Amino acid sequence: MASSVWKGHLTFGLVSFPVRLFSAARSETISFNLLHKEDHSRIRQVIYCQSEDKPVPRTELVKGYEYEKDHYVEIDDEDIKKVAPKTAKVMEILEFVKSNDVDPIYLESSYYVAPDEGGEKPYALLYQALRDSGFYAVAKVAMHNREHIIILRPGNKGILSHTMYYQDEIRQVEEFRTDTSLVKEKELAMAKMLISSLEAEFEPQKYRDNYRDNLQKMIEAKIEGRKVVATPDTHVAPVIDIMEALKKSLAEKRKPATVAAAPEAVQEASPKKRTRKSRVG
């Protein structure tokens, strides 16, 4: 298993046992470097002072907080260190809440929680209690120079945790409303039938990032001297009659059991001998 991002004791009531946190997921993207078109040399970013109209070295940089328009208070690293929470060795469960009450919008980064040596039995006890009760645990921990509220929930094989956004970090969009009075009963019944016809088991392994795959193929084609061909656009006709569109959809009964890959964005044309894999980061 990968190295842990935090280790310490998980406590609830008078029960305490050692655990470790491991990152549960990461985003995969293909990254590019900026190059000079003429000679393909890497571009170096220059820090520029607008007032003096000249580049400045990093040694002359300081942090500043804009408290009024164009007015800043200077903050140095020592100031931040004085108030930053030290990484704690204790993750304290504050309370237990009903799982249905936790809106997924609050969940941020995901971690696996694993018992450390000597903590297997109380870990298993908490895991089973969470599964049977239908409750999530809300805990507090300081790590990476920040105080986090963490949601602990039972997964298929153990406890999962998610750092939680604070209330003031959730964007409140007051104008985001849905006028359900626009919905007609017959259309709703047909929509429910369509949902039923497309019902499937959740199998995340069958979904792929077709854009990333095509991007990787395009890069390989460029390296090998093959021609790059654009992926055809998908034409989506505007829905004029909702009821008619629902009827046609039900007639086709398209199941998302297998996700079709997007057409390849490359085709062969005088490949070169050398092959090389580009880095995915």
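Note on numbering: residues in each chain are counted from 1, in written sequence order. Given that this is a predicted model, residues contribute local features only at a pLDDT of at least 70 and side-chain atom pairs are listed and counted only at 80 or more, while totals for whole chains, interfaces and linings are drawn from all residues. Hydrogens and water are ignored here; the side-chain numbers use all heavy atoms of the structure.

1. Notes on the overall build of the protein chain
Broken down by element type, the protein chain carries five helices and 13 strands. Only protein chains enter the accessibility calculation, which uses a 1.4 Å probe. A residue is then buried if its area is under 20% of the maximum for its type, exposed if over 50%, and partly exposed in between. Across the 281 residues of the protein chain, 25% fall into the buried class. Note on contacts: a residue pair is in contact if any heavy atoms of the two residues lie within 4.5 Å. For the protein chain, long-range pairs separated by at least 24 residues make up 68% of all intrachain contacts whose partners lie at least 6 apart in sequence. Of the roughly 22,300 Å² of accessible surface on the protein chain, a fraction of 53% belongs to carbon and sulfur atoms. Each helix is a run of H or I in the DSSP string that is no shorter than four residues. Each strand is a run of E no shorter than two, and both are numbered from the N terminus. Using the Shrake-Rupley algorithm and a 1.4 Å probe, accessible areas are obtained, with residue cover drawn only from the displayed protein chains.

2. What about the side chain of His-148?
Position of His-148 relative to the elements: it lies in strand β10 (residues 146-154). In contact with His-148, not counting residues within four places along its chain, are Ala-139, Lys-140, Val-141, Met-143, Thr-163 and Tyr-166.

3. Brief notes about the side chain of Thr-11
Among the secondary structure elements, Thr-11 is positioned in strand β1 (residues 6-12). Those residues in contact with Thr-11 that lie beyond four places of it in its chain are Ser-16, Val-90, Met-91, Glu-92 and Ile-93.

4. So, a nonpolar patch on the surface
Together, Tyr-65, Tyr-67 and Val-73 make up an exposed nonpolar region whose accessible area comes to about 340 Å². Secondary-structure assignment places Tyr-67 in strand β5 (residues 63-68). Judged by relative accessible area, Tyr-67 falls into the partly exposed class, the value being 49%. Any residue with relative accessible area above 30% and no salt bridge may belong to a patch, with like charges joined within 9 Å and the nonpolar Val, Leu, Ile, Met, Phe, Trp and Tyr side chains within 5 Å. The term salt bridge refers to a side-chain nitrogen of Lys or Arg lying within 4 Å of a carboxyl oxygen of Asp or Glu.

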